[in-house]
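Working through the structure, step by step
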Amino acid sequence: MSQQEQFSSRIGFILSAAGAAIGLGAIWKFPYITGQNGGGAFLIIFLLFTLILGLPLLVAEFTIGRTAQKDPVNSFKTIAPGTKWHYIAILGMTTVFILLSFYSVIGGWIITYLGKIVTGGLNGLNEAQYAEMFGETIANPLITLSAQFIFIMITIIVITRGVQNGIEQANKIMMPALTILFIILVIRSVTLDGALEGIAFLFQPDFSKVTSGTVLEAMGQSFFTLSVGVTAMITYSAYLPKDQNLPRSAFSIVGMNIMVVLLAGLVIFPAVFAFDLSPNAGPVLVFNVLPTIFSQLPLGMLFFAAFLIVFLFAALTSAFSMLEVIVAVISKGDAAKRKKWAWIIGLAIFVFGIPSTLSYGVWSDATLFDKTIFDLADYMVSNILMPLGALFIAIFVSFKMKKSNLYEELKQGSSIKYGVFQAWFFLIRYVVPILIVLVMLDVLGIW
Ligand code: PHE
């Protein structure tokens, strides 16, 4: 997509940005990390961070992108010429590089499961056997690396053509499909025998389980699901015409994200407890639980296949936005360069991601600080790099950009009241940076 091309409609942009935001973060990561962090209390902290930090940051990134209407590096250079602020974009590019390297592992798992269904590999298994089968499958490097490769190839091919072509249309079908399938699943899951325990786990907070680590994970998760802190949303909003309503878009995206997160939780936890599985299973949680729920539905495998397709789509639209951040900077709207660099960067990410894939098989013993390579990459991105990116973006917007210009930009296409603007400005200038710093220092035990 060249810099001049723009999203064709308001709903087109919102759905594309929502598509970029809603992905594995909400559907795969949220359930497993909530499971690991004790349930309800984690959910509450996550929701608070989403509203107090994530939402203002989303508005901030939109404002930067649409003010400058350039790729992230050049957006910073345009707004603050002759300064080093564009290093925020370099940090963002580095972050999405690592992010996509392990994100594609999970994308590959979805493709692997689809393959299993098509070849009948799931027929006649019971609950315990699903988990066992999945564990064995992802330990096979040939299968997982091929699947990861396919995931990255699709991402590269779409990015060589420009994100908006086709994606905008596809989102209009896939987002509602995702919601409908989720609602069917929630109904099945919450009506299982023993489901109540799972609902209580998700909604009854037990703050005694909260540690400084939990709070950092909840913050990282709120950035991860909203795609903030890595300049991805700057990249998308740069393609936005001036008549679009930025605050409203941000609200819609946050609203949709929270909805999907809650739906995912309501699908997974009731089933986890009904089937006596462990909420603590980690990254494989969703993959262990889903086939069990579907096997309890009429035409279950058909529904499962449909769900996996939508799930894969959600993961891919997020992956596109990651690769787009890097390719937009390097190609600067030059179509030939875009093609070449999408391939080079995409393949480099695949190679870089190989150790993450192998950490579920032959390299499962390779650990550092008690974490596998996969977990380490995920931890670095969500709990260190994204919060740092978010911190710098908040500081840049509120201290480097002129307050009156910010208001002017936000007012274009919206009727935002000055009081609301002031509230946002206060959050992004003081609350966001201070909270990020406190949460990060708390984990280091510094205060
Ligand atoms: N928000 C995406 C998800 O939840 C992940 C993402 C993060 C995408 C950062 C782009 C940039 O899956």
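The coordinates are above.
Residues numbered from 1 in each chain as written. Predicted model: local features only at pLDDT ≥ 70, side-chain atom pairs only at ≥ 80, totals over all residues. Heavy atoms only, no water.

**Quick notes on the overall build of the protein**
Counting its regular elements, the protein contains 18 helices and two strands. For the C-alpha atoms alone, the extent of the protein along its principal axes is close to 65 × 50 × 40 Å. Of the charged side chains in the protein, 25 are positive and 22 negative, and the gap between their average positions amounts to 17 Å. (Helix = DSSP H or I, 4+ residues; strand = E, 2+ residues; numbered from the N terminus. Lys, Arg positive; Asp, Glu negative; His and termini not counted. Charge placed at Lys NZ, Arg CZ, Asp CG, Glu CD.)

**Some details on a nonpolar patch on the surface**
Nonpolar side chains collect at one region of the surface, where F149, I157, W343, I344 and L347 lie side by side and expose about 380 Å² of accessible area between them. Residue assignment for the nonpolar patch shows that the elements contributing at least two residues are α7 (141-161) and α15 (335-358). At three residues, α15 tops the list of elements feeding residues into the nonpolar patch. Along the chain, the position of F149 falls in helix α7. (Patch = residues over 30% accessible without salt bridge, like charges linked within 9 Å, V, L, I, M, F, W, Y side chains within 5 Å. Areas by Shrake-Rupley, 256 points an atom, 1.4 Å probe, with all protein chains shown as cover. Salt bridge = Lys/Arg side-chain N within 4 Å of Asp/Glu carboxyl O.)

**Quick look at the site of the ligand**
Not every one of the 16 residues close to the ligand is listed here, only the nearest: A21, G25, Y103, F224 and S227. Backbone polar atom of G25 to an oxygen atom of the ligand: 3.0 Å apart, as the coordinates give it. At a separation of 3.1 Å, a nitrogen atom of the ligand approaches a polar backbone atom of T225. Against a free-state accessible area of 320 Å², the protein chains account for coverage of 100% of the ligand. (Near = heavy atom within 4 Å. Polar contact = N/O pair within 3.5 Å; in protein donor to acceptor, adjacent residues only side chain to side chain.)

**A short note on a positive patch on the surface**
On the surface, a cluster of positive charge is made up of K77, K332, K337 and K340. The topology assignment puts K340 in helix α15. Looking at K340, the relative accessible area reads 48%, which means it is partly exposed. (Buried < 20%, exposed > 50% of the residue type's maximum accessible area, 1.4 Å probe, protein only.)

**Here we look at the packing of helix α9 (residues 195-203) against helix α12 (residues 246-274)**
The N-to-C vectors of α9 and α12 enclose an angle of 135°; their axes lie 7 Å apart at closest approach. Our classification of the angle between α9 and α12 gives oblique. For the element pair α9 and α12, the recorded crossing hand is right-handed. Touching A195, E197, G198, I199, F201, L202 and F203 of α9 are L262, G265, L266, F269, P270, F273 and A274, all from α12. Here the contact of α9 with α12 is built from residues that sort into 11 nonpolar, two polar and one charged. (Axes fitted to C-alpha atoms, helices over the stretch in contact; angles between N-to-C directions. Parallel < 35°, antiparallel > 145°, perpendicular 65-115°, else oblique. Left-handed = near helix turned anticlockwise from the far one by under 90°. Contact = heavy atoms within 4.5 Å. Nonpolar A, V, L, I, M, F, W, Y, C, P; charged D, E, K, R; others polar.)

**Here's the deal with the side chain of N383**
Position of N383 among the secondary structure elements: in helix α16 (residues 373-400). In this structure N383 touches L216, E217, G220, D378 and M440, once residues within four positions along its chain are discounted.

**With respect to the packing of helix α5 (residues 87-118) against helix α14 (residues 300-331)**
The contact between α5 and α14 brings their axes to 9 Å, and the two run at 160°. What the angle tells us is that α5 and α14 run roughly antiparallel. Considering only the axes of α5 and α14, their crossing is left-handed. Classifying every residue of the contact of α5 with α14 gives 26 nonpolar, two polar and no charged.

**Section: helix α3 (residues 40-68)**
Here α3 contains 29 residues, and its C-alpha end-to-end distance of 41 Å stays within 8% of the 42 Å for a straight helix at 1.5 Å per residue. Of all the bends found along α3, the most pronounced is centred on T50 and spans about 40°. Taking burial as the measure, the 29 residues of α3 include 23 buried ones, the bulk of the element. Following α3 by one or two positions, Q69 has its phi on the positive side, about 50°. (Expected span 1.5 Å × (residues − 1). Bend = angle between axes of the 7 residues up to and from the residue.)

**Focus: the nonpolar core**
Of all hydrophobic cores here, the largest spans 159 residues; its most connected members are F182, L290 and W424. Considering each element in turn, this core owes the most residues, 19 residues, to α14. (Core = buried A, V, L, I, M, F, W, Y, C linked by side-chain atoms within 4.5 Å.)

**Looking at the packing of aromatic side chains**
This model, assessed by the stated rule, comprises 31 aromatic pairs. Consider the rings of W109 and F287, whose centres lie 5.4 Å apart with planes at 85°: the pair is edge-to-face. Of this pair, W109 sits in helix α5 while F287 sits in helix α13 (residues 285-295), and the two are 178 residues apart along the sequence. Taking 5.7 Å as the distance between ring centres and 45° as the angle between the ring planes, the aromatic pair formed by F307 and F311 counts as tilted. Highlighted residues: F307 and F311, both in helix α14, separated by four residues, approximately one helical turn. The exposure classification of F307 matches that of F311, with both residues buried. (Phe/Tyr/Trp six-rings, centres within 6.5 Å; stacked < 30°, edge-to-face > 60°.)

**Regarding the environment of F392**
Considering the arrangement of structural elements, one finds F392 in helix α16. The exposure class assigned to F392 is partly exposed, which follows from its relative accessible area of 34%.

**A closer look at unusual backbone geometry**
With phi around 60°, S227 is a residue other than glycine that occupies positive phi space. Its location among the elements puts S227 in the loop between α10 (212-226) and α11 (232-237). The backbone of L299 sits at a positive phi, close to 55°, despite the residue not being glycine. Within the secondary structure, L299 is located in the loop between α13 and α14. Residue L299 is classed as exposed on the basis of its relative accessible area of 61%.

**Some thoughts on the environment of A238**
Residue placement: A238 occurs in the loop between α11 and α12. Taking the C-alpha atoms as reference points, A238 and E127, 111 residues apart in sequence, are found 47 Å from one another.

**Notes on the side chain of S16**
For S16, the position within the fold is in helix α1 (residues 10-21). For S16, a relative accessible area of 5% gives the class buried. The residues touching S16, leaving out its near neighbours within four places in the chain, are F7, E168, N171 and Y236.

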